[in-house]
Amino acid sequence: MLPDWLSGRRLLIGTGLVLGGVLAIVAVRTGQVESRQVQTEPVEPTVSPGAPRRLAKALTIRTITERDPAELDSAAFRQFYEYAARSFPAVHSALDTTHVNGLSRLYTWRGRVPSLAPIVLMAHVDVVPIEDSSAWTHPPFEGRISDGHVWGRGALDDKASALGILEAMEALLSRDVTPRRTVHVALGHDEEVGGRRGGRALAERITAKGVSPALVVDEGGAIARGALPGLTDPLAAVGVAGKGFLSLSLTADGPGGHSSVPPFRTSIEVLNEALTRLRANPLPSRLTGVADAMFEYLAPELTLPMRTLLANRWLTAPVLRAVLNRRPATRATIRTTTVPTRLDAGVKDNVIPTQARAVVNFRILPGQSVDEVIAHVRAVLDGLSVQAEPIRSTSPPSVSKIETPAFRMMQRTIGQVTADSVVVAPYLLPGRTDSGYYADHSDAVYRFVPYQLGPDDRSRIHGPNERIAVDDYRTVVQFYTQLLRNADRLPTASGAEAGPNG
């Protein structure tokens, strides 16, 4: 039998060898990561000087969304399309225009080779209502250009995309460009309420008879600085998937009566415990799928500590989860989120309500299902007298491919039109867009518009003081212009690359 001191020494030696081996593996894996960025040269800007003014004018048109189609101000949407026809005469002369369910528009630019799979550029022209116009620096429907920005509801979400696409096509038509592939421009009118009459109908029309688009580009990701610790360059986050959607109604019943003689537990208190349980017991975070692909693209571009963390996820997953869960924006990319969005209880100060109701919204990770989330909720609420019933749901759309010519073309286009060096990476969109209606018809559905989102800009989307920098809008127009040129160089089904556009 070995002496105690010798056994302890051998244990220390063994531990040291194991630790040394782990550190060696970590060092090797960190050193082996290779950049997945595409090298590009900037292109000469070709944006019309009047483009920002045309966007500003479009923001004065009150195309406000409503869930009930009968409540829509149809005249405002017609006014928008009449304005577009006046502003982009070449587009409206050369392209086929189809009205879809009255208030959506499909523009079709016929390609020189009709047999090639088309591309689809998407946007929506509806905007969310204004809660308090007094909170705005400039009135939300004035279309003011001030302090280097175009201000107004829809500036970011999503009239910059709609006008930017039309600006790009107008410019190319003025140079007698005809695309090799057919280009569909799908402008929806109800994206903010699910796109069922607009975006879905447009997608069904485009993909009829088994058509599979070679590329679909919609709103979604943007350019952000300081998106992740250790990333010094701006991040261009290209959405390759969205999340599913589930709204659950939680209803708690209890004894009513006068507030002067309260029962031991009211319906409000039961509902409050249910909400507290759900927030305290979210579905687990996942570093697989889109998150794993994003880390592969980001790791080579990070400074050493974070590069080590991302390159060795087999070891560092718990730490990485903790880092990502510190920020709402990054937390939403690795888990199904849970948040109460509506509460309803009581009719009078001195009356105890017999029923309390809440709506809880979930944004579901790809790979999880609506049924899985409902089962999780019911398990967490087990023992409480709370009924959980789905109101509305949409399954997570399919994830688009990344290691493809189409994604590399997106990388190249972004690099060509952005002034700064940017890191392009795949990304999971925390919400949904109408692009989900194409996910079963194309494996190249990407969600990205190249405007920059600063720390306070996310709250402007659907909030007060929505605006877009004039320089960013010019980049948006240049992006669509260059995208149309580069899309013609996508390989055909036979694998051959097309020649230059024009």
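The preceding data block contains the structure.
As the structure is a computational prediction, the values presented were derived from the model and not from experiment. (Residues numbered from 1 in each chain as written. Predicted model: local features only at pLDDT ≥ 70, side-chain atom pairs only at ≥ 80, totals over all residues. Heavy atoms only, no water.)

Asker: Hey, could you go over the environment of Thr 481 for me, with residue numbers and the actual values?
Answerer: Among the structural elements, Thr 481 can be located in helix H14 (residues 470-487). Expressed as a C-alpha distance, the spacing of Thr 481 and Thr 394, which sit 87 residues apart in the sequence, is 33 Å. (Helix = DSSP H or I, 4+ residues; strand = E, 2+ residues; numbered from the N terminus.)

Asker: Any details on helix H10 (residues 313-324)? Residues and values, ideally.
Answerer: Here H10 contains 12 residues, and its C-alpha end-to-end distance of 13 Å is more than 12% below the 16 Å for a straight helix at 1.5 Å per residue. Within the span of H10, buried status applies to Arg 313, Thr 316, Ala 317, Leu 320, Val 323 and Leu 324. Angular distribution of buried residues about the axis of H10 spans 155°; they occupy a single face of the element. Close packing links the buried residues of H10 with helix H8 (290-298), helix H9 (304-311) and helix H11 (328-331). (Expected span 1.5 Å × (residues − 1). Buried < 20%, exposed > 50% of the residue type's maximum accessible area, 1.4 Å probe, protein only. Arc of directions from axis to C-beta. Contact = heavy atoms within 4.5 Å.)

Asker: Tell me about the packing of helix H13 (residues 405-417) against H14, and name the residues and values.
Answerer: Across the interface, H13 lies against H14 with an axial gap of 9 Å and an inter-helix angle of 140°. Viewed along their axes, H13 and H14 adopt a mutual orientation that is oblique. In this structure, H13 crosses over H14, and the sense of that crossing is right-handed. Facing Met 409, Met 410, Arg 412, Thr 413, Ile 414, Gln 416 and Val 417 of H13, the residues of H14 in contact are Thr 475, Gln 478, Phe 479, Gln 482, Leu 483, Asn 486 and Ala 487. Tallied by class, the residues present in the contact of H13 with H14 amount to seven nonpolar, six polar and one charged. (Axes fitted to C-alpha atoms, helices over the stretch in contact; angles between N-to-C directions. Parallel < 35°, antiparallel > 145°, perpendicular 65-115°, else oblique. Left-handed = near helix turned anticlockwise from the far one by under 90°. Nonpolar A, V, L, I, M, F, W, Y, C, P; charged D, E, K, R; others polar.)

Asker: Give me the lowdown on the nonpolar core, citing residues and values where you can.
Answerer: Leu 310 and Ile 468 are the most contacted members of the largest nonpolar core, which has 103 residues in total. Leave out the neighbours within four places in its chain, and Leu 310 touches Leu 228, Phe 295, Leu 298, Ala 299, Leu 302 and Leu 320. Core analysis: the second largest hydrophobic core is formed by 24 residues, Leu 246, Ala 252, Phe 362 and Ile 364 among them. (Core = buried A, V, L, I, M, F, W, Y, C linked by side-chain atoms within 4.5 Å.)

Asker: Describe unusual backbone geometry, naming the residues involved and giving the relevant values.
Answerer: With an omega dihedral of 10°, the bond running from Asp 157 to Asp 158 counts as a cis peptide bond. Residue placement: Asp 158 occurs in the loop between strand E5 (149-151) and helix H5 (159-174). Even without being glycine, Lys 209 reaches a positive phi, approximately 65°. Among the secondary structure elements, Lys 209 is positioned in the loop between helix H6 (199-206) and strand E7 (215-224). The backbone phi angle of Asn 465 is positive, close to 60°, even though this residue is not glycine. With respect to the helices, strands and loops of the structure, Asn 465 is situated in the loop between strand E16 (445-453) and strand E17 (467-469).

Asker: Provide a residue-level description of the environment of Leu 248, including the pertinent values.
Answerer: Relative to the helices and strands, Leu 248 is located in strand E9 (residues 244-253). Counting along the chain gives 201 residues from Leu 248 to Val 449, while the straight-line C-alpha distance between them is 31 Å. Excluding residues that lie within four positions of it along the chain, Leu 248 makes contacts with Ala 358, Val 359, Val 360, Phe 362, Ile 374, Val 377, Glu 389, Pro 390 and Ile 391.

Asker: I'd like to hear about the pairing of E7, residue by residue, with values.
Answerer: Extensive coverage of E7 is indicated by the burial of nine of its 10 residues. Bridge count between E7 and E16: six bridges; the pairing is parallel. Bridging from a neighbouring strand, Asp 218 pairs with Arg 447 of E16. Pairing of E7 with strand E8 (residues 235-241) involves two bridges; the strand directions are antiparallel. Of the residues in E8, the one forming a bridge with Ala 224 is Leu 235. (Pairing = 2+ DSSP bridges.)

Asker: Requested: an account of the pairing of E9, with residues and values cited.
Answerer: Among the 10 residues that make up E9, nine are buried, leaving the element largely enclosed by the rest of the structure. Summarising the sheet, E9 and strand E13 (residues 355-364) pair through 10 bridges and their orientation is antiparallel. When the sheet's bridge partners are listed, Leu 250 is paired in E13 with Ala 358. Relative to strand E14 (residues 386-394), E9 runs antiparallel, the two being bridged by eight bridges. Residue pairing for E14: Leu 246 is matched across the bridge by Ser 393.

Asker: If you had to explain the sheet that holds E13 to someone new, which residues and values would you point to?
Answerer: Taken in spatial order, the four strands line up as E11-E13-E9-E14 in an open sheet, and their pairing is antiparallel. Each end of this open sheet is capped by a strand with a single partner; those strands are strand E11 (337-345) and E14. The sheet shows a mean angle of 20° between the axes of neighbouring strands, taken without regard to direction. Across the sheet, helix H7 (residues 267-280) is in contact with E9, E11, E13 and E14; its angle to E13 comes to roughly 15°.

Asker: Explain the sheet that holds strand E4 (residues 145-146) to me, and be specific about the residues and the numbers.
Answerer: Strand order in this open sheet of three strands is E4-E5-E17, and the pairing throughout is antiparallel. Two strands in the sheet have a free side with no partner beyond their single neighbour: E4 and E17. Of the strand pairs in this sheet, E4 and E5 are connected by two bridges, and their pairing is antiparallel. Within E5, the residue paired with Ile 145 across the bridge is Val 150.

Asker: Describe the pattern of salt bridges, with residues and values.
Answerer: What the rule picks out here adds up to 17 salt bridges. Between Arg 36 and Glu 403 there is a salt bridge; the shortest N-O distance is 2.9 Å. On the criterion of sequence distance, the pair formed by Arg 36 in the loop between helix H1 (4-32) and helix H2 (51-58) and Glu 403 in the loop between E14 and H13 is long-range, its members being 367 residues apart. Note on Arg 36: relative accessible area 32%, which makes it partly exposed. Arg 378 is the partner of Glu 389 in a salt bridge, and the nearest nitrogen-oxygen pair spans 3.9 Å. One end of the pair, Glu 389, is in strand E14; the other, Arg 378, is in helix H12 (residues 370-380), with 11 residues separating them in the sequence. Connected through shared salt-bridge partners, Arg 36, Asp 292, Glu 296, Arg 313 and Glu 403 make up one network. (Salt bridge = Lys/Arg side-chain N within 4 Å of Asp/Glu carboxyl O.)

Read these as spatial facts, not as claims about activity.
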